[in-house]
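Residue-level structure breakdown
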Amino acid sequence: MEKQLLLGDEAIALGAIHAGLSGVYAYPGTPSTEITEFIQNHPEARKRGIRSRWCTNEKTAMEAALGMSYAGKRALVCMKHVGMNVCADAFVNSAITGVNGGLVVLAADDPSMHSSQNEQDSRFYGKFALIPIFEPSNQQECYDMMQVAFALSERIKEPILLRIVTRLAHSRAAVETGRQHEQNAFSPSTDQWVLLPGIARRKYAALLEKQGAMEEEAEKSAFNKMEKNGNGQLGILACGIAYNYVKETIGQEGNILKVSQYPLPQAQIQQLASENEAILVVEDGQPVAEQDVKAMLGTGYKVWGRLTGHLPRTGELTPDNVATALGKEQKAAFTPAKNLAARPPQLCQGCGHRDVYGALRQIIEEMPDARVFGDIGCYTLGALPPFKALSSCVDMGASITMAKGAADAGLRPAIAVIGDSTFTHSGMTGLLDAINDNTPITVIISDNLTTGMTGGQDSAGLNKYEAICLGLGMDPEHLHVVTPLPKNIPAIAALIRKEIAYEGVSVIIPRRECIQTAARHARERKANKAN
Amino acid sequence: MKKDIILCGVGGQGILSIATIIGQAATQAGIYLKQAEVHGMSQRGGDVQSHLRLSTEPIWSDLIPIASADVIISMEPMESLRYLEYLSPEGTVVTGSVPFVNIPNYPDETALQSELDALPHVVKNDIEAVAKDCNGARGANMVLLGMAAPHIGILSVEQLREAIKVVFARKGEAVVEANLRCFDSPTHVS
């Protein structure tokens, strides 16, 4: 046994390597990114030949992992919570096909939206797909659960959803490591995975039949446990990291049912209910367990949580809001400081996106009817002062398609701004729609040669953007590449003006390397020279 | 024994290096540690903070409860005030004294400094200037760690020095020495 200081993300990554992983498939997204990066950089992963390159999006990742599972090997898919929406088709159907090699799907939720546009709870997806969910409470469980999850996946022949939240993903603690599992041998499935209606009906029935076994697994899981040190007034159901906040508040006291493996262990919940007058459900994210426990126990029994106002309806749990829910008085604190100003994140000084917005700002000032539809990335910060250039930012790829729909309704000029990595993730198909309709939109693919916001990961379409656009049918007359530098802003603005006047699809690609990755590449070159 | 520390500053100022060094020292000393970091968008010149918990007993929550932090260690005066509600009434603020102004509405500096000075336990200094004297350039974060070291308590100054050597070892002897000079810089004005 060896002790290492690891982020929750890193503990998952190392746990997966030690559990005999053969491939990780992922698209970067906070707070999940560090899992794949850890595997990419780990010598043991290289030695074992674990496949770890970034994927184009979460759907391609999910499907490739399912393919690896089909071939008999253990695969991991990692994404932030909203990535689950992108891969949902493949994810839900992977429960119908079932798996061969162990398959674990990792969703990192972001309650309080530290770096996200919503706080959806991925446990809904696990319930929806009718598969087991693991929810670690600490870094050690992150590591330990990987072995258990892969083994369970192979035993019941279903994918497993592993759900974490930001505060676990990005918090470090000592983790004991050491147990190693061999990688699976290549042994493709001989089962039928063709989801034609007749086969799908049979497979869906088989999935429903497995529900009892999944519940039994949760009832006897070592990750779920009952602590009986209370007086019978209040039972506490604590899911995942909520358990830590409960323990921080009441220490060794209390009747607590810790839940880290789903489906919810019904027998244990019934027992908790029979031994206490009310149950407080403490869970990070949305009131998933609270609703289920309420339904399980009926209207006569008191179930408290986020829906009853005992805990806040939105935002992440903290030791403080949990202490309040448990009736503890808050300690007297200093009053908040008066001389404070918000310090929001900003586009880096010298960033090429700045020059793109410099040009766009001119257009918006000249044409008040112009609307700029934004997308997900560093360049979303173009919505903030001093640029104030964006009208929307909804989901990966929505810039092009929303501009198209608005243009269809008569909006002129309709401009889309999308980054290079977001374009290959989910923008290309929308551009094809626009080209096929010859919709009058101007698309700016702001190409910084990397996936910038999440820390400079490889961009799937590197050096292929003109070819992709032409391949989709772009008229070369209206496809332009420019260099976003302050001195070029007037020329870029003039080009945008010209293309806005064209009643068809135009694509402008401002291309300059992200200054963060450029600096990193310079350091790497210097280090290589020194060696 | 238990020490709860809030580390804060502006993205890029080097607070995660401070956290790494304290983490290394804690691991070496065999005490428990939890450290919640901020990654992602907030690193683009926005405010960043880390909750660092050290204890001789197991630690539950990754986050520090309100009014419980023993020390706030901040690279910058306004950021040190942002987390004031986390400071215990007996707690100490250790901060760089020179504002980092990258926003148009940075508060009035005189008012800010007097609000800071009104707190019961404050240690502040121009950490960039001290680093420059010691080192010629970078290392303000190590000056700050040196100022904070006596208040961390659960780890000795010597244990922190050793951790600096380990963490910077791969960058070469010169970098280790420069960082130790900053850490050891004696003039910590309060």
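Note: the structure precedes this text.
These notes cover the structure that comes with them. These numbers come from a predicted model, not from an experiment. (Residues numbered from 1 in each chain as written. Chains lettered and ligands numbered in written order. Predicted model: local features only at pLDDT ≥ 70, side-chain atom pairs only at ≥ 80, totals over all residues. Heavy atoms only, no water.)

**Looking at the state of the cysteines**
Inspection of every chain in the model, using the stated rule, returns zero disulfides over all chains. Not part of a disulfide, A:C348 finds its nearest cysteine sulfur in A:C351, a span of 6.1 Å. (Disulfide = S-S within 2.5 Å.)

**Some details on the interface of chain B and chain A**
Across the contact, 47 residues belong to chain B and 44 residues belong to chain A. Approximately 4,100 Å² of surface area, both sides summed, lies buried where chain B meets chain A, with 55% of it carried by carbon and sulfur atoms. Linking chain B to chain A there are four salt bridges. Among the salt bridges present, the one from B:E79 reaches A:R343, with a minimum N-O distance of 2.6 Å. Viewed at the interface, chain A and chain B are joined by 20 residue pairs in polar contact (both at pLDDT 80 or more). (Contact = heavy atoms within 4.5 Å. Buried area = accessible area lost by both parts, 1.4 Å probe. Salt bridge = Lys/Arg side-chain N within 4 Å of Asp/Glu carboxyl O. Polar contact = N/O pair within 3.5 Å; in protein donor to acceptor, adjacent residues only side chain to side chain.)

**A closer look at the environment of B:I127**
Residues and elements named next belong to chain B. Within the fold, I127 resides in helix α4 (residues 127-135). On a C-alpha basis, the gap between I127 and A174 in space is 20 Å, while along the polypeptide they are 47 residues apart. In contact with I127, other than residues within four places in its own chain, are M75, G96, A140, V143, L144 and M147. (Helix = DSSP H or I, 4+ residues; strand = E, 2+ residues; numbered from the N terminus.)

**What about the pattern of salt bridges?**
All names here are of chain B. In this structure the tally under the stated criterion is 42 salt bridges over all chains. A salt bridge links D4 to R53, with the shortest nitrogen-to-oxygen separation between them at 3.0 Å. With D4 in strand β1 (residues 2-10) and R53 in strand β3 (residues 47-55), this residue pair connects regions lying 49 residues apart in the sequence. Classification of D4 as buried rests on a relative accessible area of 0%. A salt bridge links E162 to K165; its shortest N-O distance comes to 3.0 Å. Of this pair, E162 and K165 both sit in helix α6 (residues 157-168), three residues apart, which is roughly one turn of the helix. Among the residues examined, K165 registers a relative accessible area of 32% and is labelled partly exposed. (Buried < 20%, exposed > 50% of the residue type's maximum accessible area, 1.4 Å probe, protein only.)

**Some points on empty space enclosed by the protein**
Residue and element names in this part refer to chain A. One pass over the full model with this rule turns up two cavities of 30 Å³ or more. Volume-wise, the largest cavity comes out at about 140 Å³. In this structure, the largest cavity is lined by 18 residues; those nearest its centre are C351, H353, N448, C514 and I515. Within the residue set of the lining of the largest cavity, elements represented by two or more residues are α15 (352-366) and α20 (515-530). Classifying every residue of the lining of the largest cavity gives seven nonpolar, seven polar and four charged. (1 Å grid on protein atoms, 1.4 Å probe; cavity = no way out; pocket = protein on both sides within 12 Å on 5 of 7 lines; lining within 4 Å. Points joined across faces, edges and corners; volume = space filled by probe spheres on them. Nonpolar A, V, L, I, M, F, W, Y, C, P; charged D, E, K, R; others polar.)

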